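# Notes for the structure review
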Amino acid sequence: MTMMTVTRLNEGLCALLIVYVGASCAVQLQDSAGGLVRWSGFSVLVPVAAAALLPLRRSLIIGGATLAVTVAIYGFAIHGVSEGGRTVVITAVALSFAFGLVICWARPHLLHSPATATRNLPSLPRLPSPPGTQAGSAPGTPRAVPASPRGVLPEALPQPAVVELAGYYRTGSGRLGTRAHWLDAIPLSGTRVGLVAGAVSGPGADATASELRTAVRTLADIDLQPEELLTHLDDVLARLRPDNRPGHDTRNTGTVSAQCLYAVYDPASCRCTLAGAGSPSPAVIAPDGTVTVIDLPEGPPLGQTDLPFEATEIDLPEGSLLLLYTNTDNSAHEPGGEELLSALAKPQSCLDATCRAALDALLHAHHDQAAVLAVRTHALDTRSVATWDLPADPAAVSHARTHIEEKLTAWGLTDAAPTTELIVSELVTNAIRHAQPPIQLRLINHAGSLVCEVADGSSTSPHLRRARTLDENGRGLFIVAQLAERWGTRHNHHGKTIWAEHTPAPDQPITAA
């Protein structure tokens, strides 16, 4: 509706300016026939007004037409104008036309200024539309909910050190507002990264995709497992679209269908956990060039089932390329899968080229809309990760402090030992007193931060509370929260992990007095 209103307004302004220019020419020619030469100064404003209000092509046409009409009238049709007056009139309109060109050039830069960028989430690089597609069918403004709403994608995906990312999407010429894509990469605790590829189809797809993207980021921040995250995301969609629940009569209300693939990659173990809802199975290119399709449990699209989702776990050796994508078929086994695998089997010069080749293969396979996220994995340096198995014995706390002190000394972070030892002591003590074995301590030194992780076999979640004066318990997590910059808990199928992250200062060299 907004697009139709803007289009009609532009057409009305264009018609108004054309009528004005024609009427002005007629009045001037009529007056000049009677011996009176009259020049309307508003002719100078026509090119500027057109450049400020109308699209680029129309503003250039009107500005050029105004300049041509002015030259024709004052240069040839009217003979009672002095040479100086003719020069002034033509120069004024020419300068107005030149100023209109400057406005046309500056408009895109003004629309994408930093102030605007903070209010609107930009989109990924968009490839040109296929031949035969109308110019107005693709989004012209890269925003979270574009003027021609086609996708909800970030302009530049974050580039964590543990992965390399490239993403593109292309939209077809279908009905506006009925299809939206989003790709995302979310930094998680323990140097892990969450990878997302989603799409929404149906009425209001753009707003729904934007809200689902925000929900995924929020749920990922509390370290949910992929299958649990999709279950909560299904509930979010049910609240956003209450008429879209399974079994509800949708004959009079448009049905919204959403697909989402969520993957978590751990560079310490080179393991990736994936779960999908109506999304095609991702592909993996091994370091030796072998292309395989992940056997992902088939899950129905979001909002179309009450059954739980399932996850699968795979090994991704360093240098592997994981390809997540969306399409319009909601199936990994539709015609075109062979074309995608063939495109991936051809060696490419870089990750960006692989992403583009995959997108071209999907579009060639009759997918009029698709989004592709290509991920190349890296592993953490084994010298920056230390792991110890601890017994469920209070004496293990002292051994943990010794391990931490020795490792930090080897890393040149002796000054960080007191803080790190205190954090580890509290976490290990809580695991021994309130959890169950096996207990494992892991220390990660990555990107200038120290991450302390204590895993145990219990699924109970610790809670931060303020201990009263005479309480004997409840101070451990409070101390950890004061010393660490971030901390939290994540669950897995074998128990849980409590983690705390802080940024130590490197050891200062000792100088002689």
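Residues numbered from 1 in each chain as written. Predicted model: local features only at pLDDT ≥ 70, side-chain atom pairs only at ≥ 80, totals over all residues. Heavy atoms only, no water.

### A look at the pairing of strand β4 (residues 257-266)
Most of β4 is tucked away, with 10 of its 10 residues classed as buried. Alternating positions in β4 separate into two faces, S257, Q259, L261, A263 and Y265 on one and A258, C260, Y262, V264 and D266 on the other, with burial throughout. In this sheet, β4 lies alongside strand β3 (residues 193-201) in antiparallel orientation, the contact comprising 9 bridges. Within β4, the residue paired with L195 across the bridge is A263. Inspection of the sheet shows β4 paired to strand β5 (residues 271-277) by 7 bridges, in the antiparallel sense. Across the sheet, the residue bridging to C260 is A277, located in β5. Hairpin remark: β4 followed by β5, antiparallel, with 4 residues in the connecting loop; positive phi at C270, about 55°. (Buried < 20%, exposed > 50% of the residue type's maximum accessible area, 1.4 Å probe, protein only. Helix = DSSP H or I, 4+ residues; strand = E, 2+ residues; numbered from the N terminus. Pairing = 2+ DSSP bridges.)

### Some points on the packing of helix α6 (residues 205-221) against helix α7 (residues 226-240)
Packing of α6 against α7 leaves a shortest axis separation of 10 Å and a crossing angle of 145°. Along this stretch, α6 crosses α7, giving a crossing that reads as right-handed. Where α6 abuts α7, its residues T208, E211, L212, A215, V216, L219 and A220 lie against L229, H232, L233, V236, L237 and L240. Among the residues making up the contact of α6 with α7, the classes are represented as 10 nonpolar, 2 polar and 1 charged. (Axes fitted to C-alpha atoms, helices over the stretch in contact; angles between N-to-C directions. Left-handed = near helix turned anticlockwise from the far one by under 90°. Contact = heavy atoms within 4.5 Å. Nonpolar A, V, L, I, M, F, W, Y, C, P; charged D, E, K, R; others polar.)

### Notes on the nonpolar core
Here is a general trend for soluble globular proteins: nonpolar side chains tend to be buried in one another's company. Membership of the largest hydrophobic core comes to 30 residues, with the highest contact counts inside it found for L195, C272 and L322. Mapped onto this core, the elements with two or more residues apiece are β1 (163-170), β2 (179-187), β3, β4, β5, β9 (321-326) and β10 (370-377). In this structure L195 touches L165, D184, A185, L261, Y262, A263, L322, L324, L373 and V375, once residues within four positions along its chain are discounted. Counting 29 residues, the second largest nonpolar core, distinct from the first, contains I404, V428, V480 and I498. (Core = buried A, V, L, I, M, F, W, Y, C linked by side-chain atoms within 4.5 Å.)

### With respect to the sheet that holds β9
With antiparallel pairing, the 5 strands of this open sheet are ordered in space as β1-β10-β9-β6-β7. Edge positions in the open sheet fall to β1 and β7 (291-293), since each of these has one partner strand only. The average undirected angle you get between the axes of adjacent strands in this sheet is 20°. Of the pairings in the sheet, the one linking strand β6 (residues 283-285) to β9 comprises 3 bridges and is antiparallel in character. Of the residues in β9, the one forming a bridge with A283 is L323. Contacting β1, β6, β9 and β10, helix α9 (residues 351-364) runs over the sheet at an angle of about 30° to β1.

### Examining the sheet that holds strand β12 (residues 439-446)
Strands sit in the order β11-β12-β13-β15-β14 across an open sheet of 5 strands; the sheet is antiparallel. At either end of the open sheet lies a strand with only one pairing partner, and these are β11 (385-390) and β14 (486-492). Sheet twist, expressed as the average angle between the axes of neighbouring strands with direction ignored, equals 15°. Relative to strand β15 (residues 495-502), β14 is paired through 7 bridges, and the arrangement is antiparallel. Bridge assignment links G488 to a residue of β15, and that residue is W499. Seen against the sheet, helix α10 (residues 396-410) touches β11, β12 and β13 (449-456) and runs at an angle of roughly 165° to β11.

### Regarding the environment of D352
Residue placement: D352 occurs in helix α9. C-alpha of D352 to C-alpha of L165: the two residues are 187 residues apart in sequence and 8.4 Å apart in space. Not counting residues up to four positions away in its chain, the partners in contact with D352 are A166 and Y168. Within the local environment of D352, its side chain forms a polar contact with the side chain of Y168, the two groups lying 2.6 Å apart. (Polar contact = N/O pair within 3.5 Å; in protein donor to acceptor, adjacent residues only side chain to side chain.)

### Things to note about the side chain of E501
With respect to the helices and strands, E501 occurs in strand β15. Owing to a relative accessible area of 15%, E501 belongs among the buried residues under this scheme. Reaching out from E501, the side chain makes a polar contact with the side chain of S449 at a distance of 3.4 Å. Looking at E501, its side chain comes within polar contact range of the side chain of R486, at 2.8 Å.

### Some words on the pattern of salt bridges
What the rule picks out here adds up to 12 salt bridges. Residue E164 pairs with R376 through a salt bridge whose shortest N-O separation is 3.9 Å. On the criterion of sequence distance, the pair formed by E164 in strand β1 and R376 in strand β10 is long-range, its members being 212 residues apart. The salt bridge partner of R213 is D184, with a shortest N-O separation of 3.4 Å. One end of the pair, R213, is in helix α6; the other, D184, is in strand β2, and 29 residues separate them in sequence. (Salt bridge = Lys/Arg side-chain N within 4 Å of Asp/Glu carboxyl O.)

### A short note on the state of the cysteines
Counted under the stated rule, the structure contains 0 disulfides. Its sulfur unpaired, C350 is 9.9 Å from the next cysteine sulfur, which belongs to C355. (Disulfide = S-S within 2.5 Å.)

### As for unusual backbone geometry
A cis amide bond links P437 with the next residue in sequence, P438, at an omega value of 5°. One non-glycine residue with positive phi stands out, namely D223, at about 60°. Look at D223 and you get buried, because its relative accessible area is 8%. For A447, which is not glycine, the phi torsion reads 55° and is therefore positive. Along the chain, A447 falls in the loop between β12 and β13.

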